[in-house]
Amino acid sequence: MIDIDDQGDVRVVTLDRADRRNAITLAGLEALEVAARDPPTPVIYLRGSGVAFCAGADLETVGSLATEGGVEPFVRQGQRTADAIESSPATVIAGIDGAARGGGIELALACDLRVATLDATFGEPGVTFGLFGSWGGTVRLPEIVGMGNALDFSLSGRVLDAEEALRIGLISRIVDDPRSVAEEVADNDPAALRHIKARIRDRGDKEDKEAAEIESFRTLVETHAEKLQQFGE
């Protein structure tokens, strides 16, 4: 269900359930959390197999949970998985080719970058049959696209194409090959990637964030002092 392939500086994580449009189960969420937590590479590239990125939560699983002790463990695991992606020491890039729906969008929202092909489409269909995204999507979506766009997207249930997703900031680029963006990022200094992500992701107050920024910059300067001195020669 989750395929992990470490290729040089990029860990390729594939949602590998093409026959179900990569709809994700509890076991899949658990495996994805493990893949994100402590990778040996500076970059993780998250993709889907077949014609979809991810159709979201496996609805058969969700339906059965309602009669087997409740849905909270599944929701909590989805939140833990999204949090693991967001807090991963690696830069996590979602490469979206084909449909991203519901929980698939929530997993992508937790990534640091979302890049897509022109064939990508985006939708939160849960509202049409009585659900909504509960893996942190209601928190992350307005942070990324703004309150108005988040409400329009979530309440209407409409499907966005890649160009509209780019316009509202849901994705950052439209490219022919999303994997190329992962390679581009992986060409940079791994320590700098970690520190930049940590500082931009920091939700502390302004004073604490600025102090942490100084400390990160000091650490990088000390690490690269010899190389930096060569620029003046």
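Above this text is the structure in question.
The text that follows walks through the structure, step by step, so that each part is easy to find. Fair warning: this is a prediction, and the values are worked out from it, not measured in the lab.

Among soluble globular proteins, nonpolar side chains are generally buried collectively. Counting residues in each nonpolar core, the largest one holds 44 residues, and the members touching the most others are Ile 24, Leu 32, Phe 53, Ile 85, Ile 96, Phe 122 and Leu 170. In terms of residue count, helix 4 (residues 103–110) provides more of this core than any other element does, 5 residues in total.

Where burial is concerned, most of strand 2 (residues 10–15) is hidden: 6 out of the 6 residues are buried. Side chains Val 10, Val 12 and Thr 14 of strand 2 all project onto a buried face; the interleaved residues Arg 11, Val 13 and Leu 15 project onto the opposite face, where all are buried too. As paired elements, strand 1 (residues 2–7) and strand 2 share 6 bridges and run antiparallel to each other. If you follow Asp 5 over to strand 2, its bridge partner there is Val 12. Once strand 1 ends, the chain turns through 2 residues before running back antiparallel as strand 2, passing Gly 8 with a positive phi of about 65°.

Across the sheet, which stays open at both edges, the 6 strands sit in the order 1-2-3-5-7-10 with mixed pairing between neighbours. Every interior strand has two partners, whereas the edge strands, strand 1 and strand 10 (173–174), have only one. Bridge count for strand 2 against strand 3 (residues 43–48) is 6 bridges, and the pairing is parallel. Bridge pairing links Leu 15 to Gly 48 in strand 3.

The next thing to look at is the environment of Leu 113. With respect to the element layout, Leu 113 can be found in strand 7 (residues 113–116). Residues Leu 113 and Val 13, 100 residues apart in the sequence, show an inter-C-alpha distance of 15 Å.

Okay, the packing of aromatic side chains next. Centre distance and the angle of the planes are the two values used to describe a pair of aromatic rings. If you walk through the whole model with that rule in mind, you get 1 aromatic pair. An angle of 75° between the planes, with centres 5.8 Å apart, marks the rings of Phe 74 and Trp 135 as edge-to-face. Taken together, the residues Phe 74 in helix 3 (residues 72–87) and Trp 135 in the loop between helix 5 (126–129) and helix 6 (137–145) connect sequence positions 61 residues apart. The class of Phe 74 is buried, set by a relative accessible area of 4%.

Analysis parameters
Residues numbered from 1 in each chain as written. Predicted model: local features only at pLDDT ≥ 70, side-chain atom pairs only at ≥ 80, totals over all residues. Heavy atoms only, no water. Core = buried A, V, L, I, M, F, W, Y, C linked by side-chain atoms within 4.5 Å. Buried < 20%, exposed > 50% of the residue type's maximum accessible area, 1.4 Å probe, protein only. Helix = DSSP H or I, 4+ residues; strand = E, 2+ residues; numbered from the N terminus. Pairing = 2+ DSSP bridges. Phe/Tyr/Trp six-rings, centres within 6.5 Å; stacked < 30°, edge-to-face > 60°.

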